[in-house]
Amino acid sequence: MTINEKDVAALVKAVLDEMSKGQPQVARPACSSQKEIPKTARVAMLTALEKYEIKEFPMPEVGDGDILVKVEGCGICGTDAHEFKRDPFGLIPVALGHEGTGEIVKMGKNVKKDSAGKDLHVGDKVVTCMIFKDNPDITMFDLNKQNVGGADVYGLLPDDDIHLNGWFADYILIREGSTVFNVSDLDLYSRILIEPAAVLVHAVERAKTTGILRFNSRVAVQGCGPIGLICIAVLRTMGIENIVAIDGNAQRLEFANEMGATKSVNFQDYKGIDALAGAVADRFDGHLADFAFQCTGSPVAHSNIYKFIRNGGGLCELGFFINGGDATINPHFDICAKEITTVGSWVYTLRDYATTFDFLKRAKGIGLPLEKLITDTFPLEEINEAHQKNLAMTGLKIAIINK
Ligand SMILES: [Zn+2]
């Protein structure tokens, strides 16, 4: 077979052009790798607060370094919820959605490999990542890097004349220079969970820098929303098996057990911090935690967590992704006298992103039901309902799934 994809693409385009001119039907060349691409694509544009409109835009030209992707699905993130409710970044009108994935339907002749060096072909499943590929160690919102508003922050880009800038759409145009990964070996739900899971892979990497988190550590995870639940799964895939989950919602605690927690504490059952800390120690057979992950955005939860950690233990605070206010601690009792080592964690690096693919495969391998995190799915045309469902916080991860 000597015909390359570009020739086939040109051939198909020529045939389709002919058809659209009202010419009689011409037999199309048989080619399994070339997908039929419509002339327009639907994009869910946030045009006002709490209001998406489905807009139809012409399919853009695919440049030599570009990739056109047919979107299969995209998770709704906390960031999307903030944009939906308040537009803190001043982006309206904007095509949101950054936890997306889909299939390459067309790519420019210069596109050969993904950001990890893997081959790319039409038909491959991909995700984008929000980091420039020139420095794998930066987190995506490092303001000293020109990565905010850069070509690769899909789902948080200002609108332009291409419009296909977010994953809440039928198609997205991935521009030259973007970070893109071939994840064809992961199923759809795993691919949708890559972005949130990368946050936890990064947090656990940060925790490991303390030297305290080890194979047989006693670990407390406070907060069992999607972030805390994935945190438990990441720990479990690392062989950490003594995990106590803490939350106020019995259903979420049950889910925490499915994700790999050994025991759980419902804080609603205990009055006062001493009783609560006692309950945590009880689950560890009388010991406090060697290490704790704080996965809620609650200042009280931050204040409390020090009481669950043993002398010389460690803490990773990752719940305050956005400013959730001040928390009160006693620096003498909580940090100095106990010699607690704390790390903060925010977003992820490009390296963590690639590690996440392996985490997802391993989680599946040991039977953790990560796909159950996606509790509700909606088609693109019901994106407003999907966001309202997300705001109601009655599910875990809400996702748009295209037909
Ligand atoms: Zn996100």
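Everything that follows concerns the structure shown earlier in this document.
Residues numbered from 1 in each chain as written. Predicted model: local features only at pLDDT ≥ 70, side-chain atom pairs only at ≥ 80, totals over all residues.

## Section: the overall build of the protein
Argument step 1. Within the protein one finds 11 helices and 16 strands.
Argument step 2. Relative to its 403 residues, the protein shows a buried fraction of 44%.
Argument step 3. Contacts spanning at least 24 positions in sequence make up 69% of the contacts within the protein whose residues lie at least 6 apart. (Helix = DSSP H or I, 4+ residues; strand = E, 2+ residues; numbered from the N terminus. Buried ≥ 20, exposed ≤ 12 C-beta atoms within 10 Å, placed from the backbone. Contact = placed C-beta atoms within 7 Å.)

## Digging into helix α4 (residues 194–208)
Think of an α-helix as turning once every 3.6 residues; residues three or four places apart then point the same way.
Argument step 1. Taking 1.5 Å of rise per residue, 15 residues should cover 21 Å, and α4 covers 21 Å from first to last C-alpha, within 8% of that figure.
Argument step 2. Burial of α4 is extensive: 12 of the 15 residues sit out of reach of the surface.
Argument step 3. Within the span of α4, buried status applies to Ile194, Glu195, Pro196, Ala197, Ala198, Val199, Leu200, Val201, His202, Ala203, Val204 and Ala207. (Expected span 1.5 Å × (residues − 1).)

## Some points on the sheet that holds strand β9 (residues 218–222)
Sheet strands pair by backbone hydrogen bonding; their relative direction is either parallel or antiparallel.
Argument step 1. The sheet built from six strands is open, its strands ordered β11-β10-β9-β12-β13-β14 with parallel pairing. Unpaired on one side and paired on the other, β11 (263–266) and β14 (341–344) mark the two borders of the sheet. Direction aside, neighbouring strands of the sheet carry axes that sit 20 degrees apart on average.
Argument step 2. In terms of strand pairing, strand β13 (residues 309–317) meets β14 through four bridges, oriented parallel. Counterpart to glycine 314 in the pairing with β14 is threonine 341. (Pairing = 2+ DSSP bridges. Axes fitted to C-alpha atoms, helices over the stretch in contact; angles between N-to-C directions.)

## A closer look at the pairing of strand β12 (residues 289–294)
When a strand is regular, its side chains alternate between the sheet's two faces.
Argument step 1. Most of β12 sits inside the fold, with six of its six residues counted as buried.
Argument step 2. The pairing of β9 with β12 spans four bridges and is classified as parallel. Counted as the bridge partner of valine 221 is phenylalanine 293 from β12.
Argument step 3. Pairing of β12 with β13, which is carried by five bridges, proceeds in the parallel orientation. Bridging across to β13, alanine 289 finds its partner in isoleucine 309.
Argument step 4. Note on the crossover from β12 through helix α8 (residues 299–305) to β13: the handedness is right-handed. (Right-handed = clockwise from strand over helix to strand, strands pointing away.)

## Focus: the packing of α4 against helix α10 (residues 350–365)
Argument step 1. Where α4 contacts α10, the two axes come as close as 8 Å, and the packing angle between them is 105 degrees. By the angle class used here, α4 and α10 are roughly perpendicular. Judged by residue contacts, Ile194, Ala197, Ala198, Val201, His202 and Glu205 of α4 engage Asp352, Tyr353, Thr355, Thr356, Phe359 and Leu360 from α10.
Argument step 2. Class assignment of the residues belonging to the contact of α4 with α10 gives a composition of seven nonpolar, three polar and two charged. (Parallel < 35°, antiparallel > 145°, perpendicular 65-115°, else oblique. Nonpolar A, V, L, I, M, F, W, Y, C, P; charged D, E, K, R; others polar.)

## Some remarks on the sheet that holds strand β4 (residues 94–95)
Argument step 1. Pairing within the open sheet is antiparallel, and its three strands lie in the order β2-β1-β4. Each having just a single partner strand, β2 (51–58) and β4 make up the two edges of the open sheet.
Argument step 2. Bridging between strand β1 (residues 40–48) and β2 involves eight bridges; their strand directions are antiparallel. Bridging across to β2, threonine 40 finds its partner in proline 58.

## Structural notes on the environment of glutamine 268
Argument step 1. For glutamine 268, the location among the structural elements is in the loop between β11 and α7 (273–283).
Argument step 2. The exposure class assigned to glutamine 268 is exposed, which follows from the 10 C-beta atoms found within 10 Å.

## Thoughts on the environment of asparagine 216
Argument step 1. In this fold, asparagine 216 is placed in the loop between α4 and β9.
Argument step 2. The exposure class of asparagine 216 is exposed, given the 9 C-beta atoms found within 10 Å.
Argument step 3. Between the C-alpha atom of asparagine 216 and that of aspartate 290, which follows or precedes it by 74 residues, the distance is 9.6 Å.

## Quick notes on unusual backbone geometry
Argument step 1. Omega for the peptide link from isoleucine 92 to proline 93 comes to 0 degrees, which places this bond in the cis form.
Argument step 2. Structurally, proline 93 is set in the loop between α2 (78–86) and β4.
Argument step 3. Phi angles above zero are rare outside glycine, and aspartate 87 is one such case at about 50 degrees.
Argument step 4. Among the secondary structure elements, aspartate 87 is positioned in the loop between α2 and β4.
Argument step 5. With phi around 70 degrees, histidine 163 is a residue other than glycine that occupies positive phi space.
Argument step 6. Residue placement: histidine 163 occurs in the loop between β6 (125–129) and β7 (171–174).

## Comments concerning α7
Argument step 1. Buried within α7 are the following residues: Ala277, Val280, Ala281 and Arg283. Buried residues in α7, looked at end-on, bunch into an arc of 160 degrees, giving them a common side. Away from its buried face by more than 90 degrees, α7 exposes Asp274 and Ala275.
Argument step 2. Contact partners of the buried residues in α7: β9, β10 (242–247), β11 and β12.
Argument step 3. Positive backbone phi, at 55 degrees, marks aspartate 285, one or two positions downstream of α7. (Arc of directions from axis to C-beta.)

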